[in-house]
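Tertiary structure, described
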Amino acid sequence: MNKNYYAILMAGGVGSRFWPVSTSSFPKQFHDMLGTGETLIQKTFSRLSKLIPKENIYILTNEKYNDLVLEQLPEVTQKQVVLEPAMRNTAPCILYASLKIQKENPNGVMVVAPSDHWIEDETAFIDNLQASFDKCEKEDVLMTLGIQPTFANTGYGYINFEKSEEAIKKVHQFTEKPDYEMAKQFLASGNYLWNAGIFIWSVNTIVTAFQNFQPKLFELFDEGFSVYNTDFEDDFIRDNYGRAENISIDYAVMEHASHVYVLPATFDWNDLGTWGSLYDKLDKSANGNAIVNAQTILEDASGNMIRTTDKKVVVIDGLNDYIVVDKEDVLLIYPKKKEQDIKKVLQKVKDSFGENYG
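Described below are features of the structure shown in this document. Keep in mind that what you see is a predicted model, and the values were worked out from it rather than measured. (Residues numbered from 1 in each chain as written. Predicted model: local features only at pLDDT ≥ 70, side-chain atom pairs only at ≥ 80, totals over all residues. Heavy atoms only, no water.)

1. Topic: the environment of Gln340
Relative to the assigned elements, Gln340 resides in the loop between β17 (330-335) and α11 (342-353). When the C-alpha atoms of Gln340 and Phe18 are compared, they prove to be 9.9 Å apart, with 322 residues separating the residues in sequence. Among all residues touching Gln340, those that are not within four sequence positions of it are Arg17 and Thr274. (Helix = DSSP H or I, 4+ residues; strand = E, 2+ residues; numbered from the N terminus. Contact = heavy atoms within 4.5 Å.)

Written out as structure tokens, the structure reads:
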């Protein structure tokens, strides 16, 4: 294992489109969404530890998930759990973690990766990551892994790269989520990739990029450099983190930098953002029903996503293309085609019955 390799696992999101299973007190990254016996964060940690020393994998999460992280990842020590006292999007927490790593090891090279994505071909993922680390060790570049688009998806940001014979391409620009017509054009042009939010860089390169493009943010976190990785770090972060601007790493750094490169990924990927995306990845019955943890008797039922806890018996007759999720005090029966509205439904439930339902 290369002791200069580090990872930052982003594990602070709520995953509200997976309600009622994913809630603010127990979000989707801590659930076994696929019914494999491992939660999403456990699968991600295990995948990264094939290349990165386990003690060099940091978990970036909200204060309230600290105990969940330590419970689900028993090999992780408290010093590897980097806690955000306030929600400030991805740039502040990445800068904070990068400075901690830089102080510990100025030769560090790191990957920033979501903790709740699905990647099937782990060997291809590790190969792609190794190629990215190799480039970032040799050159002062910011890298990302882009996903080959398979359809005109309007739910992802896109990466426009310059066509070349090289495996690693220079990024021309990052593009926001497009409308359907624009997404079709992107797909047809052949030089656009989906932005999966997986970034690779040396700690010195990313810290310098923050210094150049976000001087105020850099100054705020650099003030605490002398106390990082000491007993005084918590006090500094508690007093100062809330002052950070709420900004994503894409807006803060990636869209300004000129030395950005992308490696088109050779692995299958799914961001598991909605019940529909989970349905796509699960094995289906002859009638196209995807079932997790339930025992079912189904008549005239097809295309449904059915999930319960503890092998509950579910009987369905005459229901097609629905999400059926049973969880202790909530039962959701909702059309798959309206899955993007689940966030709004959750808000209505909280307004009507109390915050404890979300």
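From this point, things continue past the structure.
2. Describing helix α7 (residues 215-222)
The set of residues buried in α7 consists of Leu217, Phe218, Leu220 and Phe221. Here the buried residues of α7 occupy an arc of 160° about the axis, which is enough to place them on one side. Facing away from the buried side of α7 by more than 90 degrees, the exposed set consists of Lys216 and Glu219. (Buried < 20%, exposed > 50% of the residue type's maximum accessible area, 1.4 Å probe, protein only. Arc of directions from axis to C-beta.)

3. A few points about the sheet that holds strand β12 (residues 290-292)
In space, the four strands of this open sheet follow the order β12-β14-β16-β17, with mixed pairing throughout. Strand pairing shows two members of the sheet lacking a second neighbour, β12 and β17, which therefore form its edges. The average undirected angle you get between the axes of adjacent strands in this sheet is 5°. (Pairing = 2+ DSSP bridges. Axes fitted to C-alpha atoms, helices over the stretch in contact; angles between N-to-C directions.)

4. Concerning a negative patch on the surface
A contiguous patch of negative charge, built from Glu120, Asp121, Asp127 and Asp268, is present on the exposed surface. With respect to the helices and strands, the residue Asp268 is situated in the loop between β10 (260-264) and β11 (269-270). Given a relative accessible area of 46%, Asp268 falls into the partly exposed group. (Patch = residues over 30% accessible without salt bridge, like charges linked within 9 Å, V, L, I, M, F, W, Y side chains within 5 Å. Areas by Shrake-Rupley, 256 points an atom, 1.4 Å probe, with all protein chains shown as cover. Salt bridge = Lys/Arg side-chain N within 4 Å of Asp/Glu carboxyl O. Lys, Arg positive; Asp, Glu negative; His and termini not counted. Charge placed at Lys NZ, Arg CZ, Asp CG, Glu CD.)

5. Re the pattern of salt bridges
Side-chain pairs of opposite charge can arise whenever the charged atoms involved come near each other. This model, assessed by the stated rule, comprises 14 salt bridges. In this structure, Arg47 engages Glu122 in a salt bridge whose closest nitrogen and oxygen atoms are separated by 3.5 Å. Taken together, the residues Arg47 in helix α1 (residues 40-48) and Glu122 in helix α4 (residues 122-138) connect sequence positions 75 residues apart. The salt bridge partner of Glu139 is Lys135, with a shortest N-O separation of 3.1 Å. The exposure class of Glu139 is partly exposed, given its relative accessible area of 36%. Residue classification places Lys135 among the buried residues on the basis of a relative accessible area of 15%. Connected via shared salt-bridge partners are Arg47, Lys50 and Glu122.

6. With respect to unusual backbone geometry
Cis peptide bonds are those with omega within 30 degrees of zero, and the linkage from Trp19 to Pro20 qualifies with 10°. By secondary structure assignment, the location of Pro20 is in the loop between β1 (5-10) and α1. In this model, Asp321 sits at a positive phi of 60°, which is unusual for a non-glycine residue. By the secondary structure assignment, Asp321 is in the loop between β15 (313-320) and β16 (322-327).

7. Considerations on the packing of α1 against α4
Following both chains from N to C, one finds α1 and α4 inclined at 55°, their axes separated by 10 Å at the closest point. Taken as axis vectors, α1 and α4 run oblique relative to one another. Judged by the twist between their axes, the crossing of α1 over α4 is right-handed. On α4, the residues that touch Lys43, Arg47 and Leu48 of α1 are Glu122, Phe125, Ile126 and Leu129. Residue classes in the contact of α1 with α4 are distributed as four nonpolar, no polar and three charged. (Parallel < 35°, antiparallel > 145°, perpendicular 65-115°, else oblique. Left-handed = near helix turned anticlockwise from the far one by under 90°. Nonpolar A, V, L, I, M, F, W, Y, C, P; charged D, E, K, R; others polar.)

8. Structural notes on the packing of aromatic side chains
According to the stated counting rule, one finds 19 aromatic pairs in the structure shown. Taking 6.3 Å as the distance between ring centres and 65° as the angle between the ring planes, the aromatic pair formed by Tyr96 and Tyr241 counts as edge-to-face. Of the two residues, Tyr96 sits in helix α3 (residues 90-104) while Tyr241 sits in the loop between α8 (233-240) and α9 (249-254), which places them 145 residues apart along the sequence. Accessibility classification places Tyr96 together with Tyr241 in one group, the buried group. Aromatic side chains Phe225 and Tyr228 sit 6.4 Å apart centroid to centroid with 75° between the ring planes, which places their arrangement in the edge-to-face category. Judged by relative accessible area, Phe225 falls into the partly exposed class, the value being 26%. (Phe/Tyr/Trp six-rings, centres within 6.5 Å; stacked < 30°, edge-to-face > 60°.)

9. Regarding α3
Counted at 1.5 Å a residue, the expected span for α3 with its 15 residues is 21 Å, and the 21 Å between its end C-alpha atoms agrees. Among the 15 residues in α3, twelve count as buried, and that is most of the element. Along α3, the residues classified as buried are Ala91, Pro92, Cys93, Ile94, Leu95, Tyr96, Ala97, Ser98, Leu99, Lys100, Ile101 and Gln102. (Expected span 1.5 Å × (residues − 1).)

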